[in-house]
Amino acid sequence: MTERDGVDAIIDQWAAERPDLETLAMAVFGRIYRAARVAGDAQERFHARFGITRADFDVLATLRRAGGPDGLSPGRLTAEMMLSSGGTTSRLDRLEKAGHIVRTPDPADRRALQVRLTDGGRALIDEAVGAGLEQQQQMLAGLPEDRLRRIADDLRDVLASVERHAAEGERAPVARE
């Protein structure tokens, strides 16, 4: 059996104070939140070695994944990023000043812009994504591959359920007395 963690302590406290609560969802989300925070903080420190933030990484990685020399419009870039759209312009300004991206007029619409990687930006993101993936693999090194595949599949199901319920606007009723 896996050793107990801080989430177990929280669940135990709720069980003592409110034994009527079913806390399985709290256990799942508590571990997801904690794992995301710890891994995210580690990735942030790791990206700093490359002179970029996690938000910068996301912009560069999104442009790199898109492929092709034309880049993306700022709107499409925002839509495809794994982060919220807040601060996209300031990120683009910072990355352009650092020489990692350029913004050029869209040949199909002179009023619009395209964002693309510079050669230096491409080299940077290629190095950072490879090294970052290696770091993520090291964080999971204690788990066998078949278990990691099951976890990834289970988390896909969790994400689909959460996204479906969020899109439907379903909320648990709040009991008030």
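Residues numbered from 1 in each chain as written. Predicted model: local features only at pLDDT ≥ 70, side-chain atom pairs only at ≥ 80, totals over all residues. Heavy atoms only, no water.

> Whenever I open this one, the overall build of the chain confuses me. Can you help?
Across its full length, the chain holds seven helices and two strands. In terms of its C-alpha atoms, the chain occupies a principal-axis envelope of roughly 65 × 40 × 25 Å. Looking at the chain as a whole, 25% of its 177 residues are labelled buried. Looking at the chain alone, contacts between residues at least 24 apart form 49% of all its contacts between residues at least 6 apart. Charged side chains of the chain number 26 positive and 30 negative; the gap between the two group centres comes to 4 Å. (Helix = DSSP H or I, 4+ residues; strand = E, 2+ residues; numbered from the N terminus. Buried < 20%, exposed > 50% of the residue type's maximum accessible area, 1.4 Å probe, protein only. Contact = heavy atoms within 4.5 Å. Lys, Arg positive; Asp, Glu negative; His and termini not counted. Charge placed at Lys NZ, Arg CZ, Asp CG, Glu CD.)

> What is the right way to read the layout of surface pockets from this model?
Gaps left between atoms show up when a probe the size of a water molecule is rolled over them. Approximately 2,200 Å³ is the volume found for the largest pocket. Lining the largest pocket are 41 residues, with Ile32, Ala35, Ala36, Ala39 and Leu155 positioned closest to its centre. When contributions to the lining of the largest pocket are tallied by element, the ones reaching two or more residues are helix 1 (6–17), helix 2 (24–48), helix 3 (54–66), helix 6 (119–139) and helix 7 (145–168). The dominant element in the lining of the largest pocket, judged by the number of residues it contributes, is helix 2, at eleven residues. Within the lining of the largest pocket, the residues separate by chemical class into 23 nonpolar, eight polar and ten charged. Counted as a void, the second largest pocket has a volume near 250 Å³. Contributing to the lining of the second largest pocket are Phe29, Ile32, Tyr33, Ala152, Leu155, Arg156, Val158, Leu159 and Val162. Residue classes in the lining of the second largest pocket are distributed as eight nonpolar, no polar and one charged. (1 Å grid on protein atoms, 1.4 Å probe; cavity = no way out; pocket = protein on both sides within 12 Å on 5 of 7 lines; lining within 4 Å. Points joined across faces, edges and corners; volume = space filled by probe spheres on them. Nonpolar A, V, L, I, M, F, W, Y, C, P; charged D, E, K, R; others polar.)

> Would you explain helix 3 in this entry?
Since there are 3.6 residues in each turn of an α-helix, residues three or four apart along the chain are aligned in direction. When the terminal C-alpha atoms of helix 3 are compared, their 18 Å separation across 13 residues agrees well with the 18 Å that a helix rising 1.5 Å per residue should span. Taken residue by residue, helix 3 has Ala55, Asp56, Phe57, Asp58, Val59, Leu60, Ala61, Thr62 and Leu63 as its buried positions. Those residues of helix 3 that are buried are in contact with helix 2, helix 4 (74–80), helix 5 (88–97), strand 1 (101–106), strand 2 (109–117) and helix 6. For helix 3, the side-chain oxygen to backbone nitrogen distance between the N-cap and Ala55 is 3.3 Å, and the N-cap itself is Thr53. Phi for Gly67, located one or two positions after helix 3, is positive at around 65 degrees. (Expected span 1.5 Å × (residues − 1). Polar contact = N/O pair within 3.5 Å; in protein donor to acceptor, adjacent residues only side chain to side chain.)

> What is the right way to look at the packing of helix 3 against helix 6 in this model?
The geometry of a pair of packed helices is captured by two quantities: the angle between their axes and the separation between those axes. Between helix 3 and helix 6, the shortest axis-to-axis distance is 10 Å and the interhelical angle comes to 105 degrees. Judged on the interaxial angle alone, helix 6 and helix 3 are roughly perpendicular. Contacts from Phe57, Leu60, Ala61 and Arg64 of helix 3 reach helix 6 at Arg122, Leu124, Ile125, Asp126, Ala128 and Val129. Looking at the contact of helix 3 with helix 6 residue by residue, the classes come out as seven nonpolar, no polar and three charged. (Axes fitted to C-alpha atoms, helices over the stretch in contact; angles between N-to-C directions. Parallel < 35°, antiparallel > 145°, perpendicular 65-115°, else oblique.)

> What is the right way to read the side chain of Gln114 from this model?
When you line up the elements, Gln114 lands in strand 2. Within the structure, the side chain of Gln114 is placed 3.4 Å from the backbone oxygen of Gly71, a separation counted as a polar contact. Discounting chain neighbours no more than four positions away, the residues touching Gln114 are Asp70, Gly71, Leu72, Ser73, Val102, Arg103, Thr104 and Asp106.

> I tried to follow the nonpolar core on my own but got confused; where do I start?
Generally speaking, soluble globular proteins have nonpolar side chains that are buried together. Counting 19 residues, the largest nonpolar core has Val59, Leu60, Leu63, Leu77 and Ile101 as the members making the most contacts within it. Elements that contribute at least two residues to this core include exactly helix 3, helix 5, strand 2 and helix 6. Among all residues touching Leu77, those that are not within four sequence positions of it are Val59, Thr62, Leu63, Leu72, Leu92 and Val115. (Core = buried A, V, L, I, M, F, W, Y, C linked by side-chain atoms within 4.5 Å.)

> Can you help me understand the pairing of strand 2 in this one?
Along any regular strand the residues' side chains alternate between the sheet's two faces. The pairing of strand 1 with strand 2 spans six bridges and is antiparallel. Bridge pairing in strand 2 links Val102 to Arg116. Counted between consecutive antiparallel strands, the loop separating strand 1 from strand 2 contains two residues. (Pairing = 2+ DSSP bridges.)

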